[in-house]
Amino acid sequence: MTETAAPITIEDLPSDSLEEIREIWLELHEHHIGTDPTRAAVARPRTAEQAWRFRRPAMERWLREPGAFALVARDAAAPVGFAVATVKDAPGTWDVGDRIGVLDVLAVAASRRRQGIGGMLTSEVSRRLAADGISMMQIEVLATNEEASRFYERMGAAESSRLYWLLTKGDD
């Protein structure tokens, strides 16, 4: 007899429930460090616990912004992925409406990657943004994360910008 996996459900994730996705976020943190070792030339990486203590309150702040939301993907009752999306003013150069959505975080448990969960979350974020009258979603990907770039390209995204990090200099 073969066991079938529980269907994946996508639900709202209230800001007071972010602790539920802590382990998935910690896996994402380690994945980022392993994917982009060159960033250490610009900034020392935080430990996983330091990073969570920094990121959780940031996500709580984001979720208080108008139009922001978080989703959790569940297999039975267990979280297997999550997404956090915000809304901001659109850039002035391109006619993409007045506001754009930003997929701030997309993370899937390492053991559940490449099973369609990231696509389900991204599609639901896109659907909700469109229902709010938003026609464009911005997604930032580490330059060295080729797998994530290919994932978003398969979803229909197109690369159009580069992100640079420049250390600021104060008076000496």
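Above: the structure in question.
As a starting point, this report considers the structure included with it. Owing to the predicted nature of the structure, the values given are computational and were not obtained by experimental measurement.

### Some remarks on helix H3 (residues 117-131)
Here H3 is 15 residues long and its end C-alpha atoms lie 21 Å apart, about the 21 Å a rise of 1.5 Å per residue gives. Listed as buried for H3 are Ile117, Gly118, Gly119, Leu121, Thr122, Glu124, Val125 and Leu129. Buried residues belonging to H3 abut strand S1 (8-12), strand S2 (69-75), strand S3 (78-89), strand S4 (99-108), strand S5 (137-139) and helix H4 (146-154). Following H3 by one or two positions, Gly133 has its phi on the positive side, about 85°.

### Some points on the sheet that holds S5
The strand order across the open sheet formed by five strands is S1-S2-S3-S4-S5, and the pairing between neighbours is mixed. The outermost strands of the open sheet, each flanked by one partner alone, are S1 and S5. Geometrically, the sheet is characterised by an average inter-axis angle of 25° between neighbouring strands, direction not taken into account. Looking at chain direction, S2 and S3 are connected through seven bridges and run antiparallel. Opposite Val72, over in S3, you have Phe82 as the bridge partner. Helix-sheet contacts for helix H1 (residues 22-35) involve S3 and S4, and the interaxial angle to S4 is about 95°. This element, H3, spans S1, S2, S3, S4 and S5 of the sheet and lies at about 145° to S2.

### Focus: the nonpolar core
Of all hydrophobic cores here, the largest spans 22 residues; its most connected members are Ile21, Trp25, Met59, Phe82, Val84 and Val105. Every element with two or more residues in this core is listed here: H1, helix H2 (48-63), S2, S3 and S4. Counting residues per element, this core draws most heavily on H2, at seven residues. Ranked by size, the runner-up nonpolar core spans 18 residues in total, among them Phe69, Val80, Val108 and Val125.

### Brief notes about the pattern of salt bridges
Pairing between side chains of opposite charge can happen when their charged atoms approach one another. The full count for this structure, using the stated rule, is 14 salt bridges. The salt bridge partner of Arg128 is Asp12, with a shortest N-O separation of 2.3 Å. Highlighted residues: Arg128 in helix H3 and Asp12 in strand S1, separated in sequence by 116 residues. One salt bridge connects Arg128 with Glu124, and the closest N-O pair in it is separated by 2.8 Å. Pair noted here: Arg128 and Glu124 are both in helix H3, with a separation of four residues, about one helical turn.

### Points about the packing of H1 against H2
Two numbers describe how H1 lies on H2: the axes approach to 10 Å, and their chain directions differ by 120°. Classified by the interaxial angle, the pair formed by H1 and H2 is oblique. The two elements H1 and H2 cross, and the hand of that crossing is right-handed. Here Arg22, Trp25, Leu26, His29 and Glu30 of H1 lie close against H2, whose contacting residues are Ala48, Glu49, Ala51, Trp52, Arg55 and Met59. Here the residues of the contact of H1 with H2 sort into six nonpolar, one polar and four charged.

### Comments concerning the environment of Val42
Mapped onto the secondary structure, Val42 falls in the loop between H1 and H2. As a C-alpha pair, Val42 and Gly81 span 39 residues in sequence and 29 Å in three-dimensional space. Aside from chain neighbours lying at most four places away, what touches Val42 is Trp165 and Leu167.

### A few points about the packing of aromatic side chains
For the structure shown, the criterion picks out two aromatic pairs. Measuring from ring centre to ring centre gives 5.9 Å for Trp25 and Trp52, while their planes differ by 50°; the resulting arrangement is tilted. One end of the pair, Trp25, is in helix H1; the other, Trp52, is in helix H2, and 27 residues separate them in sequence. Each of the two residues, Trp25 as well as Trp52, counts as buried. Here Phe151 and Tyr152 contribute two aromatic rings whose centre-to-centre distance is 4.9 Å and whose plane-to-plane angle is 70°, an arrangement assigned as edge-to-face. Pair check on accessibility: Phe151 and Tyr152 agree, each one buried.

Criteria and cut-off values
- Residues numbered from 1 in each chain as written.
- Predicted model: local features only at pLDDT ≥ 70, side-chain atom pairs only at ≥ 80, totals over all residues.
- Heavy atoms only, no water.
- Helix = DSSP H or I, 4+ residues; strand = E, 2+ residues; numbered from the N terminus.
- Expected span 1.5 Å × (residues − 1).
- Buried < 20%, exposed > 50% of the residue type's maximum accessible area, 1.4 Å probe, protein only.
- Contact = heavy atoms within 4.5 Å.
- Pairing = 2+ DSSP bridges.
- Axes fitted to C-alpha atoms, helices over the stretch in contact; angles between N-to-C directions.
- Core = buried A, V, L, I, M, F, W, Y, C linked by side-chain atoms within 4.5 Å.
- Salt bridge = Lys/Arg side-chain N within 4 Å of Asp/Glu carboxyl O.
- Parallel < 35°, antiparallel > 145°, perpendicular 65-115°, else oblique.
- Left-handed = near helix turned anticlockwise from the far one by under 90°.
- Nonpolar A, V, L, I, M, F, W, Y, C, P; charged D, E, K, R; others polar.
- Phe/Tyr/Trp six-rings, centres within 6.5 Å; stacked < 30°, edge-to-face > 60°.

As far as function goes, none of this settles anything; it's purely spatial.
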